[in-house]
Protein chains: 2
Amino acid sequence: MMMGADPFAPDKCLPDHVIDATKQALDEGKTHYSLDNGYAEPRLKTALVNKLRDFNGMEIDPETELMVGPSSAFTLFLSIRICIRPGQGDEVLVTNPGFAENINDVHQMGAVCVEVPTYEEDGFALRMDEFRSRITERTRAIVITNPNNPTGTVYTRENLLELAALAEEFDLGVIVDQDFERQIYDGAEYVNFATLPGMRERTLTVFGTSKDLGLTGFRVGYLVAPAEIMPMLKIATFNYVGPTNTFAQYGVAAAYENPAYTDEWFTIYNKRRHDIYDALQGIPGVGASMPAGGFYHWVNISELGTSLEVVKHLVETQQLGVSPGNWFGSAGEGYIRVMYGSNGRDEVFQEGVSRLAAGLREFAELKGVSAAA
Amino acid sequence: MMMGADPFAPDKCLPDHVIDATKQALDEGKTHYSLDNGYAEPRLKTALVNKLRDFNGMEIDPETELMVGPSSAFTLFLSIRICIRPGQGDEVLVTNPGFAENINDVHQMGAVCVEVPTYEEDGFALRMDEFRSRITERTRAIVITNPNNPTGTVYTRENLLELAALAEEFDLGVIVDQDFERQIYDGAEYVNFATLPGMRERTLTVFGTSKDLGLTGFRVGYLVAPAEIMPMLKIATFNYVGPTNTFAQYGVAAAYENPAYTDEWFTIYNKRRHDIYDALQGIPGVGASMPAGGFYHWVNISELGTSLEVVKHLVETQQLGVSPGNWFGSAGEGYIRVMYGSNGRDEVFQEGVSRLAAGLREFAELKGVSAAA
């Protein structure tokens, strides 16, 4: 089993107003190419301008700084692509552990992906000495995911200001993937990197609607980037993929116009975050810390074995799917990522939590790991 | 004005069964990630297997040879991408004139795009001597669009057999974009390149639903490729863009299950093809030949001036939008591409045709070009 039918996102039914707006768009013939400037339907453009202002604290010009694409995966790829020249040895810095797609995207374009380690002991904060020592004259950009996937780290203002200073010093582009920006717990401050002084003109901010709104099957992402590079991004988008589904944009617009349903989901996410944390306490060899953002736990199982050994054990003995930490870079070895949605069926989730705890406990016994000294 | 509200595709209302199937999918919760093998919903997979068998004469295994993506633009990009190594000087042969995206895609990946000229005198057939003289040890693949966009050429079996022999001789991949495969006029034979002897294992066939079914806003394309490279294509798709809109796939499935409405559209396309051809006859300096496929005319205006001059004149004096031929490669200079849909409002189309003829006639007068000797 997984923690939800769809391991990456809530599988709760979507609210009526989102479905109805999408169906209405179909009825009204919103079925042609969506070729307005920024590849966004007017209603979505307005909804995004408002969302970016109210939620992210960014006043943007939708005609010059915003574009829509068929996913945040795509706008992330596009953002990295625009910063590098394929096959020229350009370097991009990514966090380790970090979101695997960042790394794959860079490799696939013939650029060099430089992994910058982060450490559990300081909550996987960005360490400037680690970044600085890896910057060369070929370095073009830094990619971060905030909150970080898989560690759940929400970067502090102080930490991001350090990164901003570094980006300025070495004149680097900064790509910030904010897919999980709505899942920030315990009242932590969430800082939109592009709003820091001087960062607007060097930051590409990647936004999605799968994690943000639960609209996983809609395939709509968006990107805020400096006006001067937006024309290139739009041309490249036309060549790579073309416009985004037209009627789906109306569902997304309706969701942003009335996103109150995500509050209920957040409450469920937060409860489940605690449930998993609690269930993992006291299991020998398992180090569970409380994630500050996202909807996944990053669990240290290094005393038990490798990531793959633990994943295999959970699949084979508990039919439970979790991700091996080394998917997220070499520093992810010794961890597993446990993802959960806001699945309405609480009994399924609770069963998953029980299996997770039981499977880890059993594995610890098999390995002869006993309670921490 | 354009020849239709949407210059690239029919702007006629879509049939009820397509809209209804999409709405039903929304009602039934087909709103999650579409992560089945091949990124296709089961119903669409079945519909595509049947369509490929009945329409294209290809029996395929949908689990190993088929994938769905968010557009044929994307699956075309992906197909070219998989054949080359970014920034390594790999070469791809494309026809000139040819579909501009092919060329842009190749350039954007740091590969070398080698344009192979075709000539009006033999209907823009593929000339093997022109291909052969441009093949080097760096050549990886050939990209063709069949019917060709912009020339409307439908390649003959004989011509494609020559290309197949060349591909075999030099061990090249062949990418065939079949976006306009449903618009083949006058009973011409349409040959699916992948069905030629020995070609199945070296051909990537790119299919779309915008031109094929008029589903421009749905953003669903598909690709048939050799089983041995499909795993790479799927992984790359996951990284570049992720799955395709889920509920839109049900509309596409419904359209392929019952595509009779496209017959009516075809009748309109064909009539309009004749209408434009007839209207262009006898205009001094204008060479209009009858296209064999697609829904666009490729008009030789070289006696009147450059492509851009003529396009500007039509926009400025007739408010009529057509494409300059040099968008489609250097050999497109001296041509314009006139695109038309199956727009239900015949009076709008007829007005467009009148303006096209009047604008060209006026430009000929301005330039002092008189009736052909």
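Being a predicted model, the structure only gives us computed values, none of them experimental.

Asks: Could you give me a rundown of empty space enclosed by the protein, with the residues and numbers involved?
Replies: Left-over empty space is what a probe sized like a water molecule reveals as it rolls over the atoms. Applying the stated rule across the entire model yields five cavities of 30 Å³ or more. Of the voids in this model, the largest cavity is the one considered here, and its volume is about 80 Å³. If you go around the largest cavity, you meet 13 residues; those closest to its centre are Pro 70, Arg 219 and Asn 245 of chain A together with Pro 70 and Arg 219 of chain B. Grouping the constituent residues of the lining of the largest cavity by class yields seven nonpolar, four polar and two charged.

Asks: Please set out the pairing of strand 7 (residues 221-224) of chain A residue by residue, giving values where relevant.
Replies: Residue and element names in this part refer to chain A. Of the two faces of strand 7, the one carrying Gly 221 and Leu 223 and the one carrying Tyr 222 and Val 224 are both buried. Inspection of the sheet shows strand 1 (residues 66-69) paired to strand 7 by four bridges, in the antiparallel sense. Bridge pairing links Met 67 to Leu 223 in strand 7. Direction of pairing for strand 6 (residues 203-208) relative to strand 7: antiparallel, over a ladder of four bridges. If you follow Phe 207 over to strand 7, its bridge partner there is Tyr 222.

Asks: Can you lay out the interface of chain B and chain A for me, pointing to particular residues and giving the numbers?
Replies: If you look at the interface, chain B gives 47 residues, while chain A gives 47 residues. Contact with chain A buries surface across chain B, with Tyr 33, Gln 108 and Asn 239 of chain B losing the most and accounting together for 19% of the total. The salt bridge involving Asp 27 of chain A is made with Lys 23 of chain B; its shortest N-O contact spans 2.7 Å. Linking chain B with chain A are 22 residue pairs in polar contact (both at pLDDT 80 or more), by the criterion used here.

Asks: Tell me what's going on with the nonpolar core, and back it up with residues and numbers.
Replies: In terms of nonpolar packing, the biggest core is built from 124 residues, with Phe 218, Ile 336 and Leu 360 of chain A together with Phe 218, Ile 336 and Leu 360 of chain B touching the most fellow members. Discounting residues that sit within four places of it in the chain, Leu 360 of chain B has contacts with Leu 280, Ile 283, Val 286, Ile 301, Leu 304, Val 310, Leu 314 and Ile 336 of chain B. With 58 residues, the next largest nonpolar core counts Leu 223 and Ala 236 of chain A together with Phe 77 and Ala 225 of chain B among its residues.

Asks: Tell me about the relation of the copies chain B and chain A, and please be specific about residues and values.
Replies: Note on the copies: chain B fits chain A at an RMSD of 0.0 Å, the axial shift is 0.0 Å, and the rotation between them is 180 degrees. A rotation of that kind, with that shift, is consistent with a two-fold axis. Relative to the rotation axis, the closest C-alpha in chain B is found at Gly 87 of chain B, a distance of 1.9 Å. Both copies present the same face, since 100% of the interface residues in chain B are matched by interface residues at the equivalent positions in chain A.

Asks: Break down helix 12 (residues 307-318) of chain A for me, with residues and values.
Replies: Note: α-helices contain 3.6 residues per turn, so residues at a spacing of three or four share the same orientation. Residues and elements named next belong to chain A. Taking 1.5 Å per residue as the helical rise, helix 12 with its 12 residues ought to reach 16 Å, and the 16 Å between its terminal C-alpha atoms agrees with that figure. Residues of helix 12 that are buried: Ser 307, Val 310, Val 311, His 313, Leu 314 and Gln 318. For helix 12, the buried positions fall inside an angular range of 160 degrees around the axis, keeping them on one side. Seen from the buried face of helix 12, the exposed residues on the opposite side, beyond 90 degrees, are Lys 312 and Glu 316.

Rules of the game
- Residues numbered from 1 in each chain as written.
- Chains lettered and ligands numbered in written order.
- Predicted model: local features only at pLDDT ≥ 70, side-chain atom pairs only at ≥ 80, totals over all residues.
- Heavy atoms only, no water.
- 1 Å grid on protein atoms, 1.4 Å probe; cavity = no way out; pocket = protein on both sides within 12 Å on 5 of 7 lines; lining within 4 Å.
- Points joined across faces, edges and corners; volume = space filled by probe spheres on them.
- Nonpolar A, V, L, I, M, F, W, Y, C, P; charged D, E, K, R; others polar.
- Buried < 20%, exposed > 50% of the residue type's maximum accessible area, 1.4 Å probe, protein only.
- Helix = DSSP H or I, 4+ residues; strand = E, 2+ residues; numbered from the N terminus.
- Pairing = 2+ DSSP bridges.
- Contact = heavy atoms within 4.5 Å.
- Buried area = accessible area lost by both parts, 1.4 Å probe.
- Salt bridge = Lys/Arg side-chain N within 4 Å of Asp/Glu carboxyl O.
- Polar contact = N/O pair within 3.5 Å; in protein donor to acceptor, adjacent residues only side chain to side chain.
- Core = buried A, V, L, I, M, F, W, Y, C linked by side-chain atoms within 4.5 Å.
- Least-squares fit on C-alpha atoms with pLDDT ≥ 70 in both.
- Expected span 1.5 Å × (residues − 1).
- Arc of directions from axis to C-beta.

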